[in-house]
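Descriptive structure summary
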Amino acid sequence: MRTVLMVAEKPSLAQSIAKILSKGTCTSRKGLNGACSVHDYSGSFQGQTVRFKMTSVCGHVMSLDFIGKYNNWDKVDPAELFSKAPTEKKEANPKLNMVKFLQVEGRGCDYVVLWLDCDKEGENICFEVLDAVEPVMNKGSVRERTVYRAKFSSITDTDIWNAMNSLGEPNRNEALSVDARQELDLRIGCAFTRFQTKYFQGKYGNLDSSLISFGPCQTPTLGFCVERHDKIQSFKPETYWVIQAKVFKGKDSPLTLDWDRVRVFDRDVGQMFVNLAKTSREAKVESVSKKEKAKQRPQALNTVEMLRVASSALGMGPQHTMQIAERLYTQGYISYPRTETTHYPENFDLKGTLKQQTNNPIWAEEVKALLSAGLNRPRKGSDAGDHPPITPMRAASEAELGSDGWRLYEYITRHFIATVSQDCKYLQTTIDFSIGLESFSCSGKALISPGFTAVMPWQGIPLEEAMPDCERGDTYTVDEIKLVEKQTNPPDYLTEAELITLMEKHGIGTDASIPVHINNICQRNYVTIENGRKLKPTNLGIVLVHGYYKTDAELVLPTIRSAVEKQLNLIAQGKANFQQVLQHTLDIFKRKFHYFVDSINSMDELMEVSFSPIAASGKPLSRCGKCHRFMKYIQAKPSRLHCSHCDETYSLPQNGAIKLYKELRCPLDEFELVLWTSGARGKSYPLCPYCYSNPPFRDMKKGMGCNECTHPTCQHSLNSLGIGQCVECESGVLVLDPTSGPKWRMACNKCNVVVHFFEHAHKVQVAPESCDACDASLVAVDFNKSRTPLPAGETQHTGCVFCDQIFQDLVELKHATMSSDSPQVSKHRPSPFTVGCAAVGVVRMDEEARKFLARFVEDYPPTLDEDSVLPLNPLSRTVSLEELYGESLEMGMRMLGNSMHGQNSCC
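Residues numbered from 1 in each chain as written. Predicted model: local features only at pLDDT ≥ 70, side-chain atom pairs only at ≥ 80, totals over all residues. Heavy atoms only, no water.

Operational definition: UniProt positions are given in the numbering used here, feature names are shortened, and annotations may be inferred rather than shown by experiment.
In the nomenclature of an unreviewed UniProt entry, the protein corresponds to DNA topoisomerase from the organism Solea senegalensis. As its UniProt record puts it under Sequence similarities (unreviewed entry), the protein is described as follows: "Belongs to the type IA topoisomerase family." In its Catalytic activity (unreviewed entry) section, UniProt records this for the protein: "ATP-independent breakage of single-stranded DNA, followed by passage and rejoining."

Next up, the structure:
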């Protein structure tokens, strides 16, 4: 029997598609990477009975980066990144072992069906998957087709089966356009970012941004915000005058009239018109017009409109909105949320989609009325040739979706119902008056038929006072005529919705990347989000944009990026050559980069006005080992130490607190040590500022503290305080934290594992001897007599924290609580499996352990009794099924947590 491998973009999608295609008969098992499942079933494919294996990736399999040595900011000239620096495809998340997982599942398969998302990024991932699996697939005949592409827009039975029955091929051109965008953004963004970050952070102390980044899309996005800020700052209010007239007839309420001339900017002229009007005490009706007008129903919903409304009406940021929309899509509640199309396909089942909403009490009445009266033909929109518009795919309730999920789903559903509803119709009445020689008018609207506004009430015609019945020639008594002074107002800061509109208009980014660019300028501290989701540029953002305008305006104007986007679209359409577009664009930006470097003084002049020199920033903290004067601790991002006498700046670990470490000095360079800590429940370690930036030994890297220093005799080094190999990561060592007493702990010098032990001990020291069983350093503990947990009231004991039975109940494994920029993992009790392995020196959850756990949990539990012995020689104790399942689940959760962390590009 032949085998068909099918690959989706996310695990949840793979599960949903497998359930639909197998009609609920598939069996599931965990893959070797712990994050992706494999769903097996038998069925028919291309006229033959086959075995299907449905699995997934977790987004991009590979990412583009420079080869190793070109990632060193200190040793590489940024100009080399435009052409000389070679790039390579690396696994996007090495911890997931995605390539190996795909190869294991793809080995021996005869066909592959790609169920990746149907956009350009999805096409790119298609070829990443093929690069992994094609070398290990069975080789068919030369003419036999083995690669298929499924095209779908929603996770419904109909759409998935239609896709399966009309398989196509992956689009190489669209994948190449993504490759081109990735390489351009990497080379251009990194070159500019590295240069300006090093240049300005070395001179100014209060920039308050860890990265002064540049991005071909990010920077024009910031430019729009600063342009509006400049208009606000340069705005000079002007005084103008309007004539306000009130008239009445009998006992009717007075009417306020609008002056036909609107306003004048000269008070004397305004007063002249008032005097002319005051020559009459009557207002004569010159004409009465009544017109029936319609407010058009909306076009079908695309991504940009959804993001605009979510920001302006729902108060949800673009990034957050897309995350929720993707979740609703993968759960089958809405169609694919990334589309530029606002026109329903001719074969779109509008009636069937609408029928699904008949039981929702919120809009059931409107839906049933539409179905009985007949659907209105939707307005003609634009067809971008990608996906159908965003529509609800099944009924839902707030209890199912949660607060934000429901609010977005509700809007999408209301919008869809509105597109097939009637236009809103109203009667507009306009009455023209003359008072003396001046003309005035008033108007009002009266609702005839609400149409689509019944489901979108916020779009409805506002209630207005009814216009009086009158005819031409009727007269009204003038109640008052006066000249009113007013002033012009400045524009407001851009809202996210307005920024999205500008980005779409100028071709900056795509429907998928627009939220990312907006999020980046917020994360970089270039803008802040104010009330009403308005974007107010910070001092840094303003100075950067003004500096770009001063040196090379095209770096910040949308024109050049818009032109690049057009070229990338031509690659996707097969009308432009990948290499030629890439090389031509890089040549342009390389010239711009050299000019920018030569003209950096222009931007620097603006920086000098706005920011403090680094020598004038910060507070004295620790002594320099060269001049023995105090260095200043600069707390603003990126935190660092600066010696103004030596004019040297030293890097520090970020996202934590720094304080002086007992005035102790490094034995190598005489610099005073400082202590970095991530908080009371986190980990801490001392470091030498000089060694941190200038590793003293060959086996050390830049950015290592004393807990990784290999100095043979220093009392703060790894050699003196290291205890044993980390119980979770492969390369870390658990190091005693000598500052942690009386709540003593040791922490891994690589990952965020923390082991709490010997609480309330008077003294804890690492002994020179090692454990015979696991080779870990022994620990000497000294307790007070009144609080000793040792047997027989003993106060001192030396032993192995892993193996010693006396210490076994005094050790607790946790995960450090890190700052908001770091992943947080909930603390847990040490698993007997982990501790048992540690006791015999096996402390790594390596590939063999993962394979064993996956195989064991899938195949063996039905034949195991509770408290049966685990069949592993090193573990000579009983393990319950609950413990085994817990360990496996915990490991999977850790891996999933790692896979979701830290994938933002610097530019």
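**Re the packing of aromatic side chains**
Using the following cut-off: Pairs were defined over the aromatic rings of Phe, Tyr and Trp, the Trp ring being its six-membered one, requiring ring centres within 6.5 Å. Orientation was assigned from the angle between planes: stacked under 30 degrees, edge-to-face over 60, tilted for the rest. By definition, being over a ring means that NZ of Lys or CZ of Arg is both within 6 Å of the ring centre and within 35 degrees of the ring normal.
For the coordinates displayed, the defined rule picks out 34 aromatic pairs. The rings of Phe 82, Phe 192, Phe 195, Tyr 199, Phe 200, Tyr 204, Phe 214, Tyr 548, Phe 593 and Phe 596 are connected pair by pair, giving a single aromatic cluster. The ring of Tyr 476 is capped by Lys 249, whose NZ or CZ atom sits 5.5 Å from the centre of that ring. Looking at Arg 394, its charged tip hangs above the ring of Tyr 333, at a distance of 4.0 Å from the centre.

**Some words on the pairing of strand 10 (residues 255-259)**
To keep things clear, this is the line we draw: Three labels apply to residues, based on accessible area from a 1.4 Å probe with only protein chains included: buried if under 20% of the type maximum, exposed if over 50%, partly exposed otherwise in between. Helix and strand definitions here come from DSSP, where helices need a minimum of 4 consecutive H or I residues and strands a minimum of 2 consecutive E residues; each element is numbered from the N-terminal end. At least two bridges found by DSSP between two strands is the condition for calling them paired.
Side chains Leu 255, Leu 257 and Trp 259 project from strand 10 onto a buried face, and the interleaved Thr 256 and Asp 258 project onto a face without burial. With 3 bridges connecting them, strand 9 (residues 239-248) and strand 10 associate as antiparallel partners. In the sheet register, Ala 245 faces strand 10, and the bridge partner there is Leu 257. Here strand 9 hands over to strand 10 after 6 residues, with Gly 250 in that stretch at a positive phi of 60°. Two strands pair when backbone bridges link them, and strand 10 and strand 13 (residues 438-449) are joined in this way by 2 bridges, in the antiparallel orientation.

**Things to note about the environment of Val 478**
This is how the line gets drawn: Between two residues, a contact is recorded if the distance between any of their heavy atoms is within 4.5 Å.
Take Val 478: it is sitting in strand 14 (residues 475-487). A relative accessible area of 2% places Val 478 in the buried class. Placed 195 residues apart in sequence, Val 478 and Ala 283 show a C-alpha to C-alpha distance of 6.1 Å. Once you skip the residues sitting within four places of it in the chain, Val 478 turns out to touch Lys 246, Val 247, Ser 280, Arg 281, Glu 282, Ala 283 and Ile 435.

**Regarding the sheet that holds strand 28 (residues 761-770)**
Convention followed: Every axis corresponds to a line fitted to the C-alpha atoms, with the helix fit spanning only the stretch in contact, and the corresponding angles, defined between N-to-C directions, vary from 0 to 180 degrees.
In space, the 3 strands of this open sheet follow the order 28-29-30, with antiparallel pairing throughout. Here the strands that pair on one side only, and so sit at the sheet edges, are strand 28 and strand 30 (796-799). Put simply, the sheet's adjacent strands are angled 20° from each other on average, direction ignored. Bridge count between strand 28 and strand 29 (residues 777-783): 6 bridges; the pairing is antiparallel. Counted as the bridge partner of Ala 761 is Phe 783 from strand 29.

**A closer look at the sheet that holds strand 14**
Strands in a sheet are paired, the pairing made by backbone hydrogen bonds, and the direction either parallel or antiparallel. The strand order around the closed barrel built from 6 strands is 9-10-13-12-11-14, with neighbouring strands paired in antiparallel fashion. Put simply, the sheet's adjacent strands are angled 40° from each other on average, direction ignored. Together, strand 9, strand 10, strand 12 (424-435), strand 13 and strand 14 form the strand contacts of helix 7 (residues 267-277), whose direction differs from that of strand 14 by roughly 175°.

**Thoughts on unusual backbone geometry**
Between Lys 637 and the following residue, Pro 638, the backbone shows a cis peptide bond with an omega angle of -10°. Looking at where Pro 638 falls in the secondary structure, it is placed in the loop between strand 18 (630-634) and strand 19 (640-643). Here Gly 741 and Pro 742 are connected by a cis peptide whose omega angle stands at 5°. As for its position among the elements, Pro 742 is in the loop between strand 25 (733-736) and strand 26 (745-748). If you check the backbone angles, Arg 533 has positive phi at about 55° while not being a glycine. Along the polypeptide, Arg 533 turns up in the loop between strand 15 (527-530) and strand 16 (534-537). Even without a glycine there, the phi angle at Phe 758 is positive, about 50°. Overall, Phe 758 belongs to the buried group, its relative accessible area being 1%.

**Considerations on the pattern of salt bridges**
To be explicit about the condition: Salt bridges are defined by distance alone: a side-chain nitrogen of Lys or Arg within 4 Å of a carboxyl oxygen of Asp or Glu.
Applying the stated criterion across every chain, the model contains 35 salt bridges. As a salt-bridge pair, Lys 151 and Glu 123 come within 3.0 Å of each other at their nearest N and O atoms. Residue Lys 151 is found in the loop between strand 8 (147-149) and helix 4 (157-165), and its partner Glu 123 is found in helix 3 (residues 120-133); the two are separated by 28 residues along the sequence. Residue Lys 151 is classed as partly exposed on the basis of its relative accessible area, which comes to 44%. Since its relative accessible area comes to 0%, Glu 123 is described here as buried. The closest approach of N and O atoms between Arg 308 and Glu 504, which form a salt bridge, is 3.5 Å. Taken as a pair, Arg 308 in helix 8 (residues 303-312) and Glu 504 in helix 14 (residues 496-506) lie far apart in primary sequence, 196 residues in all. The class for Glu 504 is partly exposed, based on a relative accessible area of 39%. The structure contains a network of salt bridges with shared partners spanning Arg 29, Asp 40, Arg 51, Lys 53 and Glu 105.

**Considering helix 16 (residues 539-551)**
Note the following rule: Here, expected helix span is obtained from the residue count minus one, scaled by 1.5 Å.
For helix 16, with 13 residues, the first-to-last C-alpha span of 18 Å sits near the 18 Å given by 1.5 Å per residue. Buried positions along helix 16 lie against helix 5 (172-201), helix 6 (218-234), strand 16, helix 18 (578-598) and helix 19 (600-610).

**Observations concerning the packing of helix 5 against helix 19**
So the rule is basically this: Roughly parallel refers to an angle under 35 degrees, roughly antiparallel to one over 145, roughly perpendicular to one between 65 and 115, and oblique to any angle outside these ranges. Each crossing gets its handedness from the near helix: less than a right angle anticlockwise from the far helix is left-handed, clockwise is right-handed. Gly falls in the polar group here, along with every residue not listed as nonpolar (Ala, Val, Leu, Ile, Met, Phe, Trp, Tyr, Cys, Pro) or charged (Asp, Glu, Lys, Arg).
Put simply, helix 5 and helix 19 touch, their axes get as near as 12 Å, and they point 45° apart. Judged by the inter-axis angle, helix 5 sits oblique to helix 19. Crossing geometry of helix 5 relative to helix 19 is assigned as right-handed. Mapping the contact onto sequence places Phe 195, Tyr 199 and Phe 200 in helix 5 and Ile 600, Asn 601, Met 603, Asp 604 and Met 607 in helix 19. For the contact of helix 5 with helix 19, the class distribution of residues is 6 nonpolar, 1 polar and 1 charged.

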